[in-house]
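Analysis of the macromolecular model
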Amino acid sequence: MDRLADLADAAGDLAELSELLDEGSMHAGSLLTRRAVATGDLRELQRISDAGYDQAGNEPDRLLNAPAD
């Protein structure tokens, strides 16, 4: 599943990454989290956390508490 997640990430296939996360791929969760952090998408981070990738739950606080550039 990790390889499939890497291929989906390289192709920018967020739907496939989400499906892999729903199937239990923590690597897909990591890749989705990285993308959501890069865009500051707090809702997506919550969805990823709710889907089982707990590390995504830590990111909203970090983003909200980061100093403004």
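Residues numbered from 1 in each chain as written. Predicted model: local features only at pLDDT ≥ 70, side-chain atom pairs only at ≥ 80, totals over all residues. Heavy atoms only, no water.

Along helix α2 (residues 14-22), the residues that are buried comprise L17, S18, L20 and L21. With its buried residues spanning 160 degrees around the axis, α2 presents them on a single face. Check the buried side of α2 and you find it contacts α1 (2-11), α3 (26-39) and α4 (42-50). Of the residues trailing α2, G24 is marked for its positive phi of about 105 degrees. (Buried < 20%, exposed > 50% of the residue type's maximum accessible area, 1.4 Å probe, protein only. Helix = DSSP H or I, 4+ residues; strand = E, 2+ residues; numbered from the N terminus. Arc of directions from axis to C-beta. Contact = heavy atoms within 4.5 Å.)

This part is about the packing of α1 against α2. At their nearest, the axes of α1 and α2 sit 8 Å apart, and the two run at 155 degrees to each other. On the basis of the axis angle, α1 is roughly antiparallel to α2. Regarding α1 and α2, the two cross each other, and that crossing is left-handed. Between α1 and α2, the contacting residues are L4, A5, A8 and D9 on the first element and E16, L17 and L20 on the second. (Axes fitted to C-alpha atoms, helices over the stretch in contact; angles between N-to-C directions. Parallel < 35°, antiparallel > 145°, perpendicular 65-115°, else oblique. Left-handed = near helix turned anticlockwise from the far one by under 90°.)

Quick look at the pattern of salt bridges now. Overall, the coordinates contain four salt bridges when judged by the stated rule. For D9, the salt bridge identified is with R35, shortest N-O distance 2.8 Å. Remark: R35 occurs in helix α3 and D9 occurs in helix α1; sequence separation between them is 26 residues. A salt bridge links E44 to R47, with the nearest nitrogen and oxygen atoms 3.2 Å apart. You can see E44 and its partner R47 sitting in helix α4, three residues apart, about one turn around the helix. A single network of salt bridges, built from pairs that share partners, joins D9, R34 and R35. (Salt bridge = Lys/Arg side-chain N within 4 Å of Asp/Glu carboxyl O.)

On the surface, D13, E19, D22 and E23 cluster together to form a negatively charged patch. Relative to the elements of secondary structure, D13 occurs in the loop between α1 and α2. (Patch = residues over 30% accessible without salt bridge, like charges linked within 9 Å, V, L, I, M, F, W, Y side chains within 5 Å. Areas by Shrake-Rupley, 256 points an atom, 1.4 Å probe, with all protein chains shown as cover. Lys, Arg positive; Asp, Glu negative; His and termini not counted. Charge placed at Lys NZ, Arg CZ, Asp CG, Glu CD.)

The next thing to look at is the environment of V37. Its location among the elements puts V37 in helix α3. Between the C-alpha atom of V37 and that of P60, which follows or precedes it by 23 residues, the distance is 8.3 Å. Sequence-distant contacts of V37, that is, excluding residues within four places in its chain, are made with L45, E59, R62 and L63.

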